[in-house]
Amino acid sequence: MDIVELLKSAFLGLVEGITEWLPISSTGHMILVDEFIKLNVTEEFWNMFLVVIQLGAILAVCVLFFRDLIPFGFGKDREERRSTWSLWGKIIVGCLPAAIIGIPLDDFMEEHLYSSTVVVAALIVYGIAFILIENWRAKKLAARLASGRPAPGARPAGAHFAASPAVADATPESDFGSITSLDDLSYKTALGIGCFQVLSLIPGTSRSGSTIIGGLLLGTTRSVAAKFTFFLAIPVMFGASFLKLVKFFLKGGVFDPSGLAILGVGCAVAFIVSLLAIKWLMGFVRRHDFKVFGVYRIVLGVIVLAYFFGIAPALGLA
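Residues numbered from 1 in each chain as written. Predicted model: local features only at pLDDT ≥ 70, side-chain atom pairs only at ≥ 80, totals over all residues. Heavy atoms only, no water.

### Description of the overall build of the protein chain
The secondary structure content of the protein chain amounts to 14 helices and 0 strands. Residues counted as buried form 49% of the 318 residues belonging to the protein chain. A separation of at least 24 residues holds for 79% of the contacts in the protein chain among residues at least 6 apart in sequence. (Helix = DSSP H or I, 4+ residues; strand = E, 2+ residues; numbered from the N terminus. Buried < 20%, exposed > 50% of the residue type's maximum accessible area, 1.4 Å probe, protein only. Contact = heavy atoms within 4.5 Å.)

Put into structure tokens, the structure is as follows:
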């Protein structure tokens, strides 16, 4: 077993754990990292690894939000159980567009869209989208405040804010929207966010980025958009991983001890890092907008563009 390959897998798990939940595209980053840190594996194993490593990240969501996702236990009364079942209904509805469109197009996307050109374009385009949307939201909020009307979803500071340090620091100005909780989220809105999730089939778009953009445009707070994005990932990632594993085995792929170790290390690191990334993001979105991620995407896109279409060809690496 090659320790160097395990270290590479651990680094890829680190990248996955950070970028899966921040709206900066995990798949895009993994494809780009592969240009510089290549696992010594077959192409079939790499294509499978690229998706299945996300299982580590999604398990972090299941752990952090276990109470929110389980309809039984934890002293939940009938109304809370009903709310949890309703949440799962919204999650399933939100996943339908990606399943209907993504499964038939999986092979096509893998063959034609997993390239540096597509990743660069998606990074820059959606980076600009984040900035434009946040500027639009800021103008909308400013107009409301100037007219003396409260921001959509604004709540007076009180005991419920004091209950949590993270919430205590939140203000209507930093996170506003007409949909302030997952209970307020309708099935129609969930389906709309799911339609935005389809955009993430393009590498470099970011699944979390596309669904957060959808949530913001459809009236959710940043917190609700981020949280529903995490929950939408559960069936999407488990389904995508299952599909990739089936295709891997159908093509004659096998797991030897080395392959299992590489995949296991990557998933384990992605899980640990995701726990930290999710907690950080949920605190961040209560007090800040997403423009910083938009700027990051544009800068990264320009750097990657310069490398693949300038530096690499000049050095004979392309």
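There is more to say after this.
### Re the nonpolar core
Counting residues in hydrophobic clusters, the biggest one holds 73 residues, and the most contacted among them are W21, F49, V61, F230 and F231. When neighbours within four sequence positions are excluded, V61 is seen to be in contact with W21, F66, L69, F230, F231, I234 and I278. (Core = buried A, V, L, I, M, F, W, Y, C linked by side-chain atoms within 4.5 Å.)

### Digging into unusual backbone geometry
Leaving glycine aside, a negative phi is the common case for residues, and trans is the common case for peptide bonds. Phi at S25 takes a positive value of approximately 80°, unusual for a residue other than glycine. You can see S25 is positioned in the loop between α1 (3-19) and α2 (26-33). The exposure class of S25 is buried, given its relative accessible area of 2%.

### Section: the packing of aromatic side chains
Evaluation of the coordinates by the stated rule reveals 18 aromatic pairs. Centre to centre, the rings of W46 and F49 are 5.9 Å apart; their planes meet at 20°, and the pair counts as stacked. Here W46 pairs with F49, and both are found in helix α3 (residues 43-52), just 3 residues apart, close to one helical turn. Assigned by exposure class, W46 and F49 land together as buried. (Phe/Tyr/Trp six-rings, centres within 6.5 Å; stacked < 30°, edge-to-face > 60°.)

### Let's talk about the confidence of the model for the protein chain
Summarising the model, the protein chain shows a mean pLDDT of 84, and 90% of its residues fall at 70 or more. Counting contacts from residues 155-173, a segment whose pLDDT is below 50, to residues more than four positions away or on other chains yields 19 contacts. (pLDDT = per-residue confidence, 0-100.)

### Overview of helix α6 (residues 78-112)
Taking 1.5 Å per residue, 35 residues should reach 51 Å; α6 reaches 49 Å between its end C-alpha atoms and fits that length. Two to three positions downstream of the cap, the backbone nitrogen of E79 sits 3.2 Å from a side-chain oxygen, assigning the N-cap of α6 to D77. (Expected span 1.5 Å × (residues − 1). Polar contact = N/O pair within 3.5 Å; in protein donor to acceptor, adjacent residues only side chain to side chain.)

### A look at the packing of α6 against helix α10 (residues 187-197)
For any two helices packed against each other, one specifies the inter-axial angle together with the distance between the axes. One way to put it is that α6 packs onto α10 with a least axis distance of 7 Å and a crossing angle of 35°. Considering the relative orientation of α6 and α10, their crossing is right-handed. In this structure, α6 uses S86, G89, K90, V93, G94, C95, P97 and A98 to contact α10, whose residues at the interface are Y187, A190, L191, G194, C195 and Q197. (Axes fitted to C-alpha atoms, helices over the stretch in contact; angles between N-to-C directions. Left-handed = near helix turned anticlockwise from the far one by under 90°.)

### A closer look at a nonpolar patch on the surface
Residues I92, L96, I100, I101, L105 and F108 make up a contiguous nonpolar surface patch of roughly 550 Å² in combined accessible area. If you trace the backbone, L96 turns up in helix α6. For L96, a relative accessible area of 41% translates into the label partly exposed. (Patch = residues over 30% accessible without salt bridge, like charges linked within 9 Å, V, L, I, M, F, W, Y side chains within 5 Å. Areas by Shrake-Rupley, 256 points an atom, 1.4 Å probe, with all protein chains shown as cover. Salt bridge = Lys/Arg side-chain N within 4 Å of Asp/Glu carboxyl O.)

### Digging into the pattern of salt bridges
It is possible for side chains bearing opposite charge to pair when their charged atoms get close. Throughout the structure, instances matching the rule amount to 7 salt bridges. With a closest N to O distance of 3.9 Å, E20 and R207 form a salt bridge. Placement of the pair is E20 in the loop between α1 and α2 and R207 in helix α11 (residues 207-217), with a sequence separation of 187 residues. As far as burial versus exposure is concerned, E20 and R207 are alike and both buried. Put simply, R82 and E79 hold a salt bridge, and the shortest N to O gap is 2.8 Å. In this pair, R82 and E79 both sit in helix α6, 3 residues apart, roughly one turn of the helix. For E79, a relative accessible area of 47% corresponds to the partly exposed category. Connected through shared salt-bridge partners, E134, R137 and R222 make up one network.

### As for the environment of S115
With respect to the helices and strands, the residue S115 is situated in the loop between α6 and α7 (116-146). Owing to a relative accessible area of 24%, S115 belongs among the partly exposed residues under this scheme. Between the C-alpha atom of S115 and that of L32, which follows or precedes it by 83 residues, the distance is 8.9 Å.

### A few points about the packing of helix α4 (residues 54-64) against helix α13 (residues 257-285)
Taken N-terminus to C-terminus, the directions of α4 and α13 make an angle of 50°; their axes are 7 Å apart at the nearest point. Considered as vectors, α4 and α13 are oriented oblique to each other. Judged by the sense of rotation from one axis to the other, the crossing of α4 with α13 is right-handed. Counting all contacts with α4, which are made through G56, A57, L59, A60, V61, V63 and L64, the residues of α13 involved are C267, A270, F271, S274, L275, I278 and K279. (Parallel < 35°, antiparallel > 145°, perpendicular 65-115°, else oblique.)

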